[in-house]
Amino acid sequence: MPSLVLLTGCGASLSAKTNAPAVVEPAVVAAPPPPAPAKVDPRERLVTRLLAQAEYALSQDQLTTPEYDNAVDRYRAVLLVAPKEPRAQAGLEKVVQRYCQMAMAVGKLGDYGKAASFLATAEGIVADSNSIASTRAALVELRRTQPEEEEEVALESKGEPLSEIKLPTKALANRDQTLTSSLAQLAQRVQKSDLFVLIVSRTDAEGRWIYQQMKEAVPGYRLRGNIQLGREPKIVLQAL
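No experiment lies behind these values; they were computed from the predicted model shown.

Participant: Quick one: what's the story with unusual backbone geometry, residue by residue and with numbers?
Facilitator: Put simply, Thr-65 and Pro-66 share a cis peptide bond, and its omega is -5°. Counting through the fold element by element, Pro-66 comes out in the loop between helix H2 (42-59) and helix H3 (71-81). Located in the positive-phi region is Asp-61, a residue other than glycine, with phi close to 65°. Mapping Asp-61 onto the fold places it in the loop between H2 and H3.

Participant: Describe the packing of helix H4 (residues 86-108) against helix H6 (residues 130-144), with residues and values.
Facilitator: It is the contact of H4 with H6, at a shortest axis distance of 10 Å, that shows an interaxial angle of 5°. Judged by the inter-axis angle, H4 sits roughly parallel to H6. Mapping the contact onto sequence places Glu-93, Val-96, Gln-97, Cys-100, Ala-103, Met-104, Gly-107 and Lys-108 in H4 and Ser-131, Ile-132, Thr-135, Ala-138, Leu-139 and Leu-142 in H6. Looking at side-chain class alone, the contact of H4 with H6 contains eight nonpolar, four polar and two charged residues.

Participant: With reference to specific residues and values, describe the nonpolar core.
Facilitator: Among the nonpolar cores identified, the biggest contains 33 residues, and Tyr-75, Val-95, Val-96, Tyr-99, Ile-125 and Leu-139 are the most heavily contacted of them. Counting only elements with at least two residues in this core, the list comes to H2, H3, H4, helix H5 (112-123) and H6. Per-element accounting of this core gives the leading share, ten residues, to H4. Setting aside its immediate chain neighbours within four residues, Leu-139 contacts Ala-103, Met-104, Gly-107, Tyr-112, Ala-115 and Leu-119. Membership of the second largest hydrophobic core comes to 19 residues, among which are Ala-187, Ile-210, Leu-223 and Ile-235.

Participant: Quick one: what's the story with the pattern of salt bridges, residue by residue and with numbers?
Facilitator: Throughout the structure, instances matching the rule amount to twelve salt bridges. We note a salt bridge from Glu-141 to Arg-144, for which the minimum N-O separation is 2.6 Å. Separated by three residues within a single helix, Glu-141 and Arg-144 lie in helix H6, roughly one turn from each other. Its relative accessible area of 41% is what places Glu-141 among the partly exposed residues. Residue Lys-234 pairs with Glu-164 through a salt bridge whose shortest N-O separation is 3.6 Å.

Participant: Tell me about the packing of aromatic side chains, residues and numbers included.
Facilitator: Considering all chains together, one arrives at one aromatic pair under this definition. Between Tyr-99 and Phe-118, the aromatic rings sit 6.0 Å apart at their centres with planes inclined by 45°, giving tilted as the arrangement. Here Tyr-99, found in helix H4, pairs with Phe-118, found in helix H5; they are 19 residues apart in sequence, far enough to count as distant. For Phe-118, a relative accessible area of 14% corresponds to the buried category. Here Arg-175 stacks its cationic end above the ring of Trp-209, 4.8 Å away from the centre of that ring.

Participant: Outline H3, listing residues and values.
Facilitator: Listed as buried for H3 are Ala-71, Val-72, Tyr-75 and Val-78. Taken around the axis of H3, the buried residues stretch over an arc of 125°, which confines them to a single face. On its buried face, H3 is in contact with H2 and H4. N-capping of H3 is provided by Asn-70, with a side-chain oxygen placed 3.2 Å from the backbone N of Val-72.

Participant: Any chance you could break down the packing of H2 against H4 for me, citing the residues and the numbers?
Facilitator: At their nearest, the axes of H2 and H4 sit 11 Å apart, and the two run at 15° to each other. Comparing the axis directions of H2 and H4 gives the class roughly parallel. The handedness of the crossing between H2 and H4 comes out as left-handed. The residues of H4 that touch H2, namely those facing Glu-44, Val-47, Leu-51, Glu-55 and Leu-58, are Arg-87, Ala-88, Lys-94 and Val-95. Considered class by class, the residues forming the contact of H2 with H4 number five nonpolar, no polar and four charged.

So, how was this worked out
- Residues numbered from 1 in each chain as written.
- Predicted model: local features only at pLDDT ≥ 70, side-chain atom pairs only at ≥ 80, totals over all residues.
- Heavy atoms only, no water.
- Helix = DSSP H or I, 4+ residues; strand = E, 2+ residues; numbered from the N terminus.
- Axes fitted to C-alpha atoms, helices over the stretch in contact; angles between N-to-C directions.
- Parallel < 35°, antiparallel > 145°, perpendicular 65-115°, else oblique.
- Contact = heavy atoms within 4.5 Å.
- Nonpolar A, V, L, I, M, F, W, Y, C, P; charged D, E, K, R; others polar.
- Core = buried A, V, L, I, M, F, W, Y, C linked by side-chain atoms within 4.5 Å.
- Buried < 20%, exposed > 50% of the residue type's maximum accessible area, 1.4 Å probe, protein only.
- Salt bridge = Lys/Arg side-chain N within 4 Å of Asp/Glu carboxyl O.
- Phe/Tyr/Trp six-rings, centres within 6.5 Å; stacked < 30°, edge-to-face > 60°.
- Lys NZ or Arg CZ within 6 Å of the ring centre and 35° of its normal.
- Arc of directions from axis to C-beta.
- Polar contact = N/O pair within 3.5 Å; in protein donor to acceptor, adjacent residues only side chain to side chain.
- Left-handed = near helix turned anticlockwise from the far one by under 90°.

If you want it as C-alpha cells, here you go:
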C-alpha cells in the first residue's frame, strides 16, 4: 500500500508538469538600418552659392562692378553651369530694371547723355528686355515735354551756332558709306576753322559713332565736341 501511494503521487506530479503552459521566448527583431544620406548634386550646390552671391551684390548695387565680383558676373556664372536656370535669368532682368530706374532718374534731371549710357549698359545685359524699350519711350516723351528754349540754351552753350547740319535718319541707321564720307568732309572743315562740334543724336551709341567717324577723318587733330540726345539727329558747329 505505501508503494501505491507513492506511485499515485508521482503521477499527479507528472500530470501537473505536462499541463503547464510553455514559456515562449520573445523573438529578437533587428532595427532597420538608417536611411542613406541624400546625395547632393555638386552642380546644384554651386548654383545655390552663386545665386546667393549674386543677390547680395544686387542688394549692394554692385551691378557690373567691381570686375568679377558683381551681380551680372555671378548670374552669368550660374548660366554657364545651368544654361536654363530661371532664377539667374530673372536676376539679370532685375539688374536691367535697376539700370532703367537710374536712367529715368538722371533723365528727369535733364542728363540724357547719362540716361542713354545707362540704357546702353542694360542692353549689353539683356538686349531684348521690355524694360529697356519702355524706359526709352518714357525718356523720349520726357524730352518732348521740355520747353524748346532749354534746348536752344544748350546748343549755344559753347558759343554762337555757326551752322546746323541735319543728318538723314535712314542713312544714319544703316551706317551708310555716303554719310561716312560726308562726316569726314565736315570734320576737315571743323579742323580748318577750329570749331566746336555738338552732336545731337537719338541714342548715345549713335552719337559716339558719328563722333568716331569724324575723329578718324582728321588724325592727330583734337576734335572737340559733345553729344546730346535729341529727336532729330544733327550736327551743330559752334565757335569756341
